[in-house]
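Residue-level structural notes
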Amino acid sequence: MSLIARHFEAAGLPTLILGSAIDILEAGRPPRATFVNYPLGFESGRFRDTTDQLAVVRQALTRFDGMSSPGIETLPFEWLEGWDMINERERGKLDQRSPRTTEPQYQNDADRAAAEDGAIS
Amino acid sequence: MTSPSPTHYIRQTRDNYEKLGFEPYQWFAADTPPAFELPTKPLTESRLGMISTAGTYVHGQVAYYYKDDTSIRAIPCDTPVTDLRFSHIMENYLVEARQDPCTVFPVEALAHLKEEGVIGDLAANYYSCMGGIYSQNRVKNELIPNLQSAIATEEIDLLLLVPL
């Protein structure tokens with residue numbers, strides 16, 4: 001994502017990454033980023049928690065007006081229960097990737113049917 | 001109660017792949033400082049766009065594939081949350097997002113903040129891609145031009161980027 005951010009910023013469009021992988025952000029040196037220490041998959045807030053989602057996005061967006069030089073700012077959110085949930089699920093798994101294929105990978109069969117019917121071009 | 005220390009995904013992935021005898025994954029590492037553009041007006045007067053790399057698509061659209069898919073999808077900003085889907089090579093990170101898309105694709109929060117007046121306006125369309133592309137050249141030469149052309153039509157002042 002940092003490659004994309006750097007491209008648009010260089011083209012004159014201010015960008016802000018809302019990310020949860022601090023080392024990947026640091027390596028990519030994006031123009032402007034916020035880090036929320038939640039597991040991957042929850043970058044914009046906790047599961048089924050609209051209050052938390054709104055708070056995370058609201059705080060992140062303040063950095064558009066609030067940052068005057070490139071950097072990564074940590075947002076003050078914690079979620080131990082979320083980490084417990086993910087750590088339990090992923091324990092001992094070394095490679096989480098799905099098979100690399102050039103066939104579209106639909107979330108469910110109804111999606112495949114709708115796409116193949118051309119519901120949205 | 002505190003959160004654990006931030007996870008070091010690059011080291012974790014390298015160590016795991018080494019145990020499996022796989023080639024190391026090459027994360028992007030910048031060797032120059034980024035450009036930095038100050039907003040020309042406050043958020044309250046700005047039109048905001050969004051790009052997600054979570055492989056977001058809308059029910060009815062063609063899903064992403066998992067081998068270096070550099071295509072993009074336009075996601076209308078008023079898409080019902082119940083029509084949002086995800087296809088990404090790291091779908092293990094999307095178990096909850098497939099039940100509550102707003103954990104990685106914050107359409108509801110953005111709509112709320114526009115309603116409140118915190119954000120001036122929202123792009124007609126957000127955009128997505130499938131972030132698990134193994135070739136940085138293909139990101140630069142295919143994906144980014146696709147996104148550039150699409151974003152150029154949205155007349156936005158600010159761009160929010162939400163990776164998976």
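Right, let's walk through the structure included here. The residue numbering used here restarts from 1 in each chain and proceeds along that chain's sequence as written. Lettering for chains starts from A, numbering for ligands starts from 1, and both go in the order in which the items are written. Given that this is a predicted model, residues contribute local features only at a pLDDT of at least 70 and side-chain atom pairs are listed and counted only at 80 or more, while totals for whole chains, interfaces and linings are drawn from all residues.

The secondary structure listing takes helices from DSSP runs of H or I that are at least 4 residues long and strands from runs of E that are at least 2 residues long, numbered from the N terminus. From N to C terminus, chain B includes three helices and seven strands. Counting helices and strands in the order they occur from the N terminus, chain B gives α-β-β-β-β-α-β-β-α-β. With respect to the three principal axes, the spread of C-alpha positions in chain B is 50 × 45 × 40 Å. Put plainly, a residue is buried at 20 or more neighbouring C-beta atoms within 10 Å of its own, exposed at 12 or fewer, and partly exposed in between, counting only other residues' C-beta atoms, which are placed from the backbone. Residues counted as buried form 39% of the 164 residues belonging to chain B. A residue pair is marked as a contact if its C-beta atoms, positioned from the backbone, fall within 7 Å. For chain B, the share of sequence-separated contacts (at least 6 apart) that also reach a separation of at least 24 residues comes to 77%.

The next point concerns the interface of chain B and chain A. Across the boundary between the two partners, chain B contributes 72 residues, which contact 69 residues of chain A. Under the convention adopted here, Pro, Cys and the residues Ala, Val, Leu, Ile, Met, Phe, Trp and Tyr are nonpolar, Asp, Glu, Lys and Arg are charged, and Gly plus all remaining residues are polar. Residues of the side of chain B that touches chain A, tallied by class, amount to 48 nonpolar, 14 polar and ten charged. Relative to strand β7 (residues 158-162) of chain B, strand β1 (residues 15-19) of chain A runs parallel, the two being bridged by three bridges. Each bridged residue has a counterpart across the sheet, and for A:Leu16 the counterpart in β7(B) is B:Leu160. The pairing criterion for strands is at least two bridges between them, as found by DSSP.

Bringing the packing of helix α1 (residues 2-10) of chain A against helix α3 (residues 136-152) of chain B into the picture now. Angle between the axes and distance between the axes: these two values describe a pair of packed helices. Interaxial angles span 0 to 180 degrees and are taken between N-to-C directions of axes, which are lines fitted to C-alpha atoms, for helices over the stretch in contact. Viewed as axis vectors pointing N to C, α1(A) and α3(B) meet at an angle of 50°, and their least axial separation amounts to 11 Å. Considering the angle they form, α1(A) stands oblique to α3(B). Of the two possible hands of crossing, α1(A) and α3(B) adopt the one that is right-handed. Judged by residue contacts, A:Leu3, A:Ile4 and A:His7 of α1(A) engage B:Gln136, B:Val139, B:Lys140, B:Ile144 and B:Leu147 from α3(B). When grouped by side-chain class, the residues that make up the contact of α1(A) with α3(B) number five nonpolar, two polar and one charged. Any angle from 65 to 115 degrees is called roughly perpendicular, while one under 35 is roughly parallel, one over 145 is roughly antiparallel, and all others are oblique. Each helix crossing is assigned a hand: it is left-handed if the near helix lies turned anticlockwise from the far helix by less than a right angle, otherwise right-handed if that turn is clockwise.

Attention now moves to the nonpolar core. Inside soluble globular proteins, nonpolar side chains tend to come together where they are buried. To define a nonpolar core, we join buried Ala, Val, Leu, Ile, Met, Phe, Trp, Tyr and Cys residues through C-beta atoms within 7 Å and take the resulting set. B:Leu48, B:Leu110, B:Leu159 and B:Leu161 are the most contacted members of the largest nonpolar core, which totals 66 residues. Ranked by residue count, the leading element in this core is helix α3 (residues 50-66) of chain A, at six residues. Those residues within four positions of B:Leu110 in sequence are excluded, and the remaining contacts are A:Val57, B:Leu48, B:Met50, B:Ile119 and B:Leu122.

Let us now look at unusual backbone geometry. In this structure, A:Arg48 is a non-glycine residue whose phi angle is positive, near 50°. Along the polypeptide, A:Arg48 turns up in the loop between β2 (32-35) and α3. Residue class for A:Arg48 comes out exposed when judged on the 12 C-beta atoms lying within 10 Å of it. Phi is positive for B:Glu155, close to 50°, though the residue is something other than glycine. Examined against the element boundaries, B:Glu155 turns out to sit in the loop between α3 and β7. Take B:Glu155: there are 11 C-beta atoms within 10 Å of it, and that puts it in the exposed class.

Time to look at the environment of B:Ala54. Residue and element names in this part refer to chain B. Its location among the elements puts alanine 54 in the loop between β1 (47-52) and β2 (56-58). With 30 C-beta atoms counted inside 10 Å, the residue alanine 54 sits in the buried group. A sequence separation of 39 residues divides alanine 54 from tyrosine 93, and the C-alpha atoms of the two residues are 9.3 Å apart.

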